[in-house]
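# Structural description and commentary
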Amino acid sequence: MNCWTYEEDRYDSYSRMILKYFLAEGVVCRHELFVATAQDTPDDILQELPAPILDDVAVPKPVEHSRLTGELQESLDAMKIAWRYQNLPKVQSALASSSRFGHYYDVSKTMEVEIRQATKCHLFYLPDHVTPPSTAHRVESYSALLRSLQEVIHREGFDLAAPMSKSRNILRVGLHSMGSVLWGDDLCCHDKPRHSHALTTFLYGLRALLRSSLSVAVVTIPSHLIQDRALMGSITRLCDNAIALESFKGSERETNPLYKDYHGLLYVRQVPHLNCLASQLPDHKDLAFKLKRKQFSIE
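Each value, and the rule that gives it
- Residues numbered from 1 in each chain as written.
- Predicted model: local features only at pLDDT ≥ 70, side-chain atom pairs only at ≥ 80, totals over all residues.
- Heavy atoms only, no water.
- UniProt positions renumbered as here; feature names shortened; annotations may be inferred.
- Core = buried A, V, L, I, M, F, W, Y, C linked by side-chain atoms within 4.5 Å.
- Buried < 20%, exposed > 50% of the residue type's maximum accessible area, 1.4 Å probe, protein only.
- Helix = DSSP H or I, 4+ residues; strand = E, 2+ residues; numbered from the N terminus.
- Contact = heavy atoms within 4.5 Å.
- Axes fitted to C-alpha atoms, helices over the stretch in contact; angles between N-to-C directions.
- Parallel < 35°, antiparallel > 145°, perpendicular 65-115°, else oblique.
- Salt bridge = Lys/Arg side-chain N within 4 Å of Asp/Glu carboxyl O.

Per an unreviewed UniProt entry, the protein goes by the name Elongator complex protein 4 and belongs to Ilyodon furcidens. The record held by UniProt for the protein lists under Sequence similarities (unreviewed entry) the comment "Belongs to the ELP4 family." Under the Pathway (unreviewed entry) heading, UniProt states for the protein: "tRNA modification; 5-methoxycarbonylmethyl-2-thiouridine-tRNA biosynthesis."

Turning our attention to the nonpolar core. With 38 residues, the main nonpolar core has Phe34, Leu175, Met178, Phe202 and Leu206 as its most contacted residues. For this core, the elements supplying multiple residues, two or more each, are β2 (32–37), α6 (140–155), β8 (171–175), α7 (198–211), β9 (215–221) and α8 (229–237). With residues up to four places along the chain from it excluded, the contact list for phenylalanine 202 reads Tyr142, Leu145, Leu146, Leu175 and Met178. Counting residues in each nonpolar core, the second largest holds 27 residues, with Leu23, Val218, Leu245 and Phe296 among its members.

Another point: the packing of α6 against α7. Relative orientation of the contacting elements α6 and α7 amounts to 5°, with a least axis distance of 10 Å. By the angle between their directions, the pair α6 and α7 is classed as roughly parallel. Side by side, α6 and α7 meet where Tyr142, Leu145, Leu146, Leu149, Gln150 and Ile153 of the first sit next to Ala198, Leu199, Phe202, Gly205, Leu206 and Leu209 of the second.

In this section: the pattern of salt bridges. All chains considered together, the criterion is met by 11 salt bridges. Glutamate 48 is the salt-bridge partner of lysine 20, the closest N and O atoms lying 3.4 Å from each other. With lysine 20 in helix α1 (residues 14–28) and glutamate 48 in the loop between α2 (42–46) and β3 (50–52), the pair connects residues that are 28 residues apart, well separated along the chain. Judged by relative accessible area, which is 10%, lysine 20 ranks as buried. A salt bridge links arginine 207 to aspartate 240; its shortest N-O distance comes to 3.7 Å. Here aspartate 240 lies in the loop between α8 and β10 (241–247) and arginine 207 lies in helix α7, a separation of 33 residues in the sequence. For the pair shown, arginine 207 and aspartate 240 are each scored as buried. If you follow the salt bridges from partner to partner, you end up with Arg16, Lys20, Asp40 and Glu48 in one network.

As structure tokens, then:
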């Protein structure tokens with residue numbers, strides 16, 4: 001499966017939003033989640049997931065709290081797509097719905113607890129697995145993360161080598177701010193880091209896990225703090241898709257009338273090109289994003 005890399009904006013505001021979109025889509029599609037963080041706990045991110053728009057995803061709300069425990073699973077199993085063309089004949093409605101891809105979310109609201117709890121989540125919080133950074137150079141943090149992810153893949157049946165005894169699900173992996181000092185890495189601290197290959201070695205291992213399992217990953221990296229541009233090029237080439245976000249916060253473009261309707265620029269570094277060794281870039285590279293009251297929009 002694919003590995004997506006997002007180069008974080010300077011204040012990690014919008015890249016964090018995209019990560020939450022990715023995880024929220026997994027909840028709505030009933031995929032399992034694996035969330036790894038080093039600063040905020042994974043629960044903090046999950047509690048901030050945007051709410052799906054109700055005319056897009058309909059979830060029955062329990063009337064009585066006393067009935068919630070016994071009927072929660074039954075009501076959540078009834079989650080379905082509420083198509084706008086419900087009054088059309090069944091055949092036409094099915095054809096119209098099959099062309100849909102993705103869902104819409106309201107970023108001004110957070111996802112209801114009942115919807116979020118219907119999805120099985122596997123959490124990795126670095127301080128719970130690795131000793132403090134003063135006792136070691138902390139390169140083992142990446143090894144601990146790979147071991148934990150590999151264990152989940154094998155235990156939950158996402159491994160492609162597992163027998164096809166039941167319907168298979170997809171694991172969505174969200175890794176926040178990899179390569180930062182919070183993970184014990186020194187890429188962002190020195191021009192010539194001692195462990196410059198720790199992150200690239202981790203990405204090699206991650207790709208191996210993804211390609212041998214029913215998994216897809218989104219990795220955010222604080223690229224603006226990494227001085228070695230050649231290393232960032234290697235990180236980009238190790239991923240199937242690479243996108244960078246540049247926020248206007250604190251820059252001259254924030255007050256430039258030309259960009260008054262936008263909050264930042266989006267750069268497509270790499271997209272996969274099937275059956276070819278070289279990557280392919282899109283024809284249009286001038287992309288900008290803005291955070292509306294209820295929507296994160298890319299134009």
